[in-house]
Amino acid sequence: MADTYFSSVSWPNYSQSNVQKASTKSNELGKDAFLKLMIAQMQNQDPLSPMDNTQMVAQIAQFTSVEQLTNISEQIAALGESLGNDSGLIGKEVTWVTETKTGNYDVSTGKAEVIIEKESGIVESIIVRSGVHYVKVGDKEIKISDIEQVGVPADASDGAGQGADLL
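Residues numbered from 1 in each chain as written. Predicted model: local features only at pLDDT ≥ 70, side-chain atom pairs only at ≥ 80, totals over all residues. Heavy atoms only, no water.

### Some remarks on the overall build of the protein chain
Then step 1. Secondary structure summary: the protein chain contains four helices and six strands in total.
Then step 2. Taken from the N to the C terminus, the helices and strands of the protein chain come in the order α-α-α-α-β-β-β-β-β-β.
Then step 3. Counting across all 167 residues of the protein chain, residues that qualify as buried make up 15%.
Then step 4. With an accessible surface of roughly 13300 Å², the protein chain has 54% of that area assigned to carbon and sulfur atoms. (Helix = DSSP H or I, 4+ residues; strand = E, 2+ residues; numbered from the N terminus. Buried < 20%, exposed > 50% of the residue type's maximum accessible area, 1.4 Å probe, protein only. Areas by Shrake-Rupley, 256 points an atom, 1.4 Å probe, with all protein chains shown as cover.)

### Notes on the sheet that holds strand β4 (residues 132-137)
Strand pairing in a sheet takes place through backbone hydrogen bonds and is either antiparallel or parallel in direction.
Then step 1. As summarised here, the arrangement of the three strands in space is β3-β4-β5, forming an open sheet in which the pairing is antiparallel. Each edge of the open sheet is held by one strand with a lone partner, namely β3 (125-129) and β5 (140-143). Pairs of neighbouring strands in the sheet enclose a mean axial angle of 35°, with direction left out of account. (Pairing = 2+ DSSP bridges. Axes fitted to C-alpha atoms, helices over the stretch in contact; angles between N-to-C directions.)

### So, the nonpolar core
Then step 1. In terms of nonpolar packing, the biggest core is built from eleven residues, these being L89, V94, W96, V123, I126, V135, V137, I142, I144, I147 and V150.
Then step 2. Mapped by element, the contributors of at least two residues to this core are β1 (93-106), β4 and β6 (147-151). (Core = buried A, V, L, I, M, F, W, Y, C linked by side-chain atoms within 4.5 Å.)

### What about the packing of aromatic side chains?
Then step 1. What the rule picks out here adds up to zero aromatic pairs.
Then step 2. Above the face of the Y134 ring, R129 is positioned so that its terminal group lies 5.5 Å from the ring centre. (Phe/Tyr/Trp six-rings, centres within 6.5 Å; stacked < 30°, edge-to-face > 60°. Lys NZ or Arg CZ within 6 Å of the ring centre and 35° of its normal.)

### As for the side chain of T98
Then step 1. Following the sequence through the fold, T98 ends up in strand β1.
Then step 2. For T98, the side chain forms a polar contact with the side chain of E119, separated by 3.1 Å.
Then step 3. Excluding residues within four positions of it along the chain, T98 makes contact with I115, I116, E117 and E119. (Polar contact = N/O pair within 3.5 Å; in protein donor to acceptor, adjacent residues only side chain to side chain. Contact = heavy atoms within 4.5 Å.)

### Observations concerning the pattern of salt bridges
Then step 1. In the structure shown here, the tally under the stated rule is three salt bridges.
Then step 2. Measuring nitrogen to oxygen at the nearest pair gives 3.7 Å for the salt bridge that ties E148 to K118. With E148 in strand β6 and K118 in strand β2 (residues 111-122), the pair connects residues that are 30 residues apart, well separated along the chain.
Then step 3. When the shortest N-O distance is used, the salt bridge between K140 and E119 registers 2.2 Å. Here the residue K140 occupies a position in strand β5, and E119 occupies one in strand β2, the gap between them amounting to 21 residues. (Salt bridge = Lys/Arg side-chain N within 4 Å of Asp/Glu carboxyl O.)

Keep in mind these values describe shape, not function.
Structure (structure tokens):
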């Protein structure tokens, strides 16, 4: 008859919090990591043959470039979320699709009857609620992502009434 053997392996630094920290670590080298590497290099350099001044200036320039690229990236992300882009819709005619449930039930398909209509109107203002951008048209608020067409209102386009498909 075989004996049952239970192993009790113990790892001295093992803990669930250490595993979670290790699994969320990023492999990206940002400006903080670059600065730590540069400081470690300066602390461990040979005093009899120190780093050349031109190398030091080049590394500082690289650090500055990394920092500026990070700043530019953050500014571009913020610009995408800003009202500046959306405010250009004020005064424009927008078109969107609405779905209205009739309350009727189609027995053959097993689905509720839905009427799909295109609506349009002139944007009066922009509203931001919980990070989501809406246009206000009359008493309706439409998500910007639901807009299908943006154009010049008929009275402002010299009688042509032609809107431009932008979305």
